[in-house]
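# Structural overview
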Amino acid sequence: MTWEARQGALERHGLVESGDGFTVTLKGFQKAAERARGLRAQGSKEAARMLALGTTDPVRWEYAKGLQIETFSREAHESGF
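Residues numbered from 1 in each chain as written. Predicted model: local features only at pLDDT ≥ 70, side-chain atom pairs only at ≥ 80, totals over all residues. Heavy atoms only, no water.

This brings us to the pairing of strand β2 (residues 21-24). Two strands pair when backbone bridges link them, and strand β1 (residues 15-18) and β2 are joined in this way by four bridges, in the antiparallel orientation. Within β2, the position partnered with L15 by the bridge is V24. (Pairing = 2+ DSSP bridges. Helix = DSSP H or I, 4+ residues; strand = E, 2+ residues; numbered from the N terminus.)

Right, here's the structure in full:
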């Protein structure tokens, strides 16, 4: 994965990287909520608890960030980056 491809993957997953780590964007938060709904439908109690939190709850944003980092990391690993 080239640097440009990595940046594109970060954007696709709604993540911004800084010296302090990753931050999830609104786009990433929305994608994570979609993924969490799918996980909840599969019986994930953790996803159900996250979706029950308010959209401004910092815990929900941290969970969303974790979901997006996971999908980004999987993509980066599969590409050999």
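There's more to say after this.
This next bit is on the confidence of the model for the protein chain. Per-residue pLDDT for the protein chain averages 94, and the proportion of residues at 70 or more is 99%. Mean pLDDT values over the elements of the protein chain span from 91, in helix α1 (residues 3-12), up to 97, in helix α2 (residues 26-41). (pLDDT = per-residue confidence, 0-100.)

We now examine the side chain of Q68. Among the secondary structure elements, Q68 is positioned in helix α4 (residues 58-79). Judged by relative accessible area, Q68 falls into the buried class, the value being 3%. When sequence neighbours within four positions are dropped, the list of residues in contact with Q68 reads H13, L15, V24, G28, K31 and A32. (Buried < 20%, exposed > 50% of the residue type's maximum accessible area, 1.4 Å probe, protein only. Contact = heavy atoms within 4.5 Å.)

Within the largest apolar cluster, nine residues are counted, these being F29, A32, A36, A47, M50, L51, Y63, A64 and L67. Broken down by secondary-structure element, the contributors of at least two residues to this core are α2, α3 (45-52) and α4. Not counting residues within four places of it along the chain, the set of residues in contact with L51 comprises A33, A36, R37, R40 and R60. Core analysis: the next-biggest nonpolar cluster, separate from the first, contains five residues, A9, L10, L15 and V24 among them. (Core = buried A, V, L, I, M, F, W, Y, C linked by side-chain atoms within 4.5 Å.)

Below, the discussion takes up α1. For α1, every residue scored as buried is listed here: R6, A9 and L10. Axial view of α1: buried residues confined to an arc of 100°, hence all on one face. α1 presents E4 and E11 as exposed residues on the side facing more than 90 degrees away from its buried surface. Looking at the buried side of α1, the elements it contacts are β1, β2 and α4. G14 occupies a position one or two residues after α1 and carries a positive phi of about 70°. (Arc of directions from axis to C-beta.)

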